[in-house]
Amino acid sequence: AQSVTQPDIHITVSEGASLELRCNYSYGATPYLFWYVQSPGQGLQLLLKYFSGDTLVQGIKGFEAEFKRSQSSFNLRKPSVHWSDAAEYFCAGGSGGGADGLTFGKGTHLIIQP
Amino acid sequence: GAGVSQSPRYKVAKRGQDVALRCDPISGHVSLFWYQQALGQGPEFLTYFQNEAQLDKSGLPSDRFFAERPEGSVSTLKIQRTQQEDSAVYLCASSLRAGAPGTFGSGTRLTVV
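**A short note on the nonpolar core**
Residue and element names in this part refer to chain A. Counting 26 residues, the largest nonpolar core has Leu 19, Trp 35, Leu 47, Leu 48, Phe 74, Leu 76 and Tyr 89 as its most contacted members. Within the residue set of this core, elements represented by two or more residues are strand E2 (10-14), strand E3 (19-21), strand E5 (32-38), strand E6 (44-50), strand E8 (64-68), strand E9 (73-78), strand E10 (87-94) and strand E12 (108-113). Once residues lying within four places of it in the same chain are set aside, the contact partners of Tyr 89 are Gln 6, Leu 21, Trp 35, Tyr 36, Val 37, Leu 47, Phe 63, Leu 76, Gly 107, Thr 108 and Leu 110.

Right under this line is the structure:
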């Protein structure tokens, strides 16, 4: 069965420090992979996506993610976090056929320490 | 419109009551998805439309859940005889074409008491 796992429920990072949020996937073929951010009471905002090609993907707000087939991972990174980055982050995968919905991880809650 | 609009923003229903949740997708968007997000969880897929055709409803948890998109634009998710476990945020997403990532609305928070 297709699945997306985010091993970390909570992550605490100091403002200005680097960030890496983990995501592992289990799919039969290479999935389409996404990272979304959700602020309290808000919908999901797409940060970046991987369909094919270059395995290092650049997104909005200074985020990037690297697809590693050998590790079945798609970790999200940011070199220096800002207090406004505090939110819930979701990794998601899809088969890419367009007629199916995404499978989301349970999310990682990012806390920024001053 | 500029984004995906969902209404109502909040809904409190008594157990056993029927509810209807509305989604106005971005104009011209072909694909429309409904997701259910329980507290502290990631969204879970409910159903998918391409224009007015419901191509996948495998995620609907029971036959109390029904979705429609009769003219290929606005969609309604209906839940009959609501139960406490239906309490969640219901998210709608639309995309311009099949296979593209969707733009999400802010959701409807349903609380069944």
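**Comments concerning the sheet that holds strand E8 (residues 75-79) of chain B**
Residue and element names in this part refer to chain B. One open sheet accounts for four strands, arranged E1-E3-E8-E7; its pairing is antiparallel. For this open sheet the edge positions go to strand E1 (5-7) and strand E7 (65-68), each flanked by a neighbour on one side alone. This sheet shows a mean twist of 15° between the axes of neighbouring strands, independent of strand direction.

**A short note on the environment of A:Ser70**
On the secondary structure map, A:Ser70 appears in the loop between E8 and E9. With 64 residues separating them along the chain, A:Ser70 and A:Gln6 place their C-alpha atoms 17 Å apart.

**Notes on the state of the cysteines**
All names here are of chain A. Under the counting rule described, the total for this entry stands at two disulfides over all chains. Across a sulfur-sulfur distance of 2.0 Å, Cys 23 and Cys 91 are joined as a disulfide pair. Since a negative S-S torsion denotes a left-handed disulfide, the Cys 23-Cys 91 link at about -65° is left-handed. Here Cys 23 is found in the loop between E3 and strand E4 (24-26), whereas its partner Cys 91 is found in strand E10, with 68 residues between them in sequence. Look at Cys 23 and you get buried, because its relative accessible area is 0%. Look at Cys 91 and you get buried, because its relative accessible area is 0%.

**Comments concerning the interface of chain A and chain B**
Taken together, the contacts link 21 residues of chain A with 19 residues of chain B. When the two sides are added together, the surface that chain A and chain B hide from each other amounts to roughly 1500 Å², 55% of it contributed by carbon and sulfur. Across the contact surface, chain A and chain B share zero salt bridges. For the interface between chain A and chain B, the tally reads three residue pairs in polar contact (both at pLDDT 80 or more). Those elements that provide at least two residues to the side of chain A that touches chain B are E5 and E6 of chain A. Take the side of chain A that touches chain B: its biggest share by element is four residues, from E5(A). Split into classes, the residues belonging to the side of chain A that touches chain B amount to ten nonpolar, eight polar and three charged.

**So, the layout of surface pockets**
Over the atoms rolls a probe the size of a water molecule, and in doing so it shows where empty space is left. When its volume is computed, the largest pocket comes out at roughly 680 Å³. In terms of lining, the largest pocket is formed by 34 residues, of which the most central are A:Gln38, B:Gln37, B:Leu39, B:Gly40 and B:Arg109. Taken together, the elements giving at least two residues each to the lining of the largest pocket come down to E10 and E12 of chain A together with strand E9 (88-95) and strand E11 (108-112) of chain B. With four residues, E11(B) is the largest single contributor of residues to the lining of the largest pocket. Across the lining of the largest pocket, the residue classes tally to 14 nonpolar, 16 polar and four charged. Volume-wise, the second largest pocket comes out at about 180 Å³. Lining the second largest pocket are 15 residues, and of these A:Val37, A:Gln38, A:Ser39, A:Gln45 and A:Lys61 sit closest to its centre. Among the elements of the structure, E5, E6 and E10 of chain A are those that each provide at least two residues to the lining of the second largest pocket. No other element matches the three residues that E6(A) contributes to the lining of the second largest pocket. For the lining of the second largest pocket, a count of residues per class yields seven nonpolar, six polar and two charged.

**Observations regarding the environment of B:Gln6**
Residues and elements named next belong to chain B. Examined against the element boundaries, Gln 6 turns out to sit in strand E1. Separated by 67 residues in sequence, Gln 6 and Ser 73 have C-alpha atoms that sit 13 Å apart. Beyond its immediate chain neighbours, meaning those up to four positions away, Gln 6 contacts Arg 22, Trp 34, Tyr 90, Leu 91, Cys 92, Gly 105, Ser 106, Gly 107 and Thr 108. Looking at Gln 6, its side chain comes within polar contact range of the main-chain oxygen of Tyr 90, at 2.9 Å.

Each value, and the rule that gives it
Throughout, a residue's number is its position along its own chain's written sequence, starting from 1. The naming scheme follows written order: chains are lettered A onward, ligands numbered 1 onward. Under the rules for a predicted model, residues below a pLDDT of 70 receive no local features and side-chain atom pairs below 80 are neither given nor counted, while totals for whole chains, interfaces and linings still include all residues. The basis for every side-chain value is the complete set of non-hydrogen atoms in the structure, without hydrogens or water. Definition of nonpolar core: a set of buried residues of the types Ala, Val, Leu, Ile, Met, Phe, Trp, Tyr and Cys, connected through side-chain atoms within 4.5 Å. Relative accessibility decides the category of a residue: with a 1.4 Å probe and only protein chains considered, values under 20% of the type maximum give buried, values over 50% give exposed, and everything between is partly exposed. To qualify as a helix, a DSSP run of H or I must reach at least 4 residues; to qualify as a strand, a run of E must reach at least 2; elements of each kind are numbered from the N terminus. The contact definition used throughout considers only heavy atoms, calling two residues in contact when any of these lie within 4.5 Å. At least two DSSP bridges between two strands are needed for those strands to be called paired. Each axis is a line fitted through C-alpha atoms, taken for helices only over the stretch in contact, and angles between the N-to-C directions span 0 to 180 degrees. For this text, the term disulfide refers to a pair of cysteine sulfurs within 2.5 Å. Throughout, the accessible surface (probe 1.4 Å) given up by two parts as they are put together, summed over both, is called the buried area. What counts as a salt bridge is simple: a side-chain nitrogen of Lys or Arg found within 4 Å of a carboxyl oxygen of Asp or Glu. Polar contact is the term for a pair of N or O atoms within 3.5 Å; when the atoms are in protein, one must be able to donate a hydrogen and the other to accept it, and sequence-neighboring residues count only if both atoms are side-chain atoms. Residue type decides the class: Asp, Glu, Lys and Arg count as charged, Ala, Val, Leu, Ile, Met, Phe, Trp, Tyr, Cys and Pro as nonpolar, and the leftover types, Gly among them, as polar. Method remark: on a 1 Å grid restricted to protein atoms, a set of points is classed as a cavity if a 1.4 Å probe fits but cannot get out and as a pocket if it is open with protein on both sides within 12 Å along at least five of seven lines; lining residues have an atom within 4 Å of a point. Grid points are joined across faces, edges and corners, and a volume is the space filled by probe spheres set on the points.

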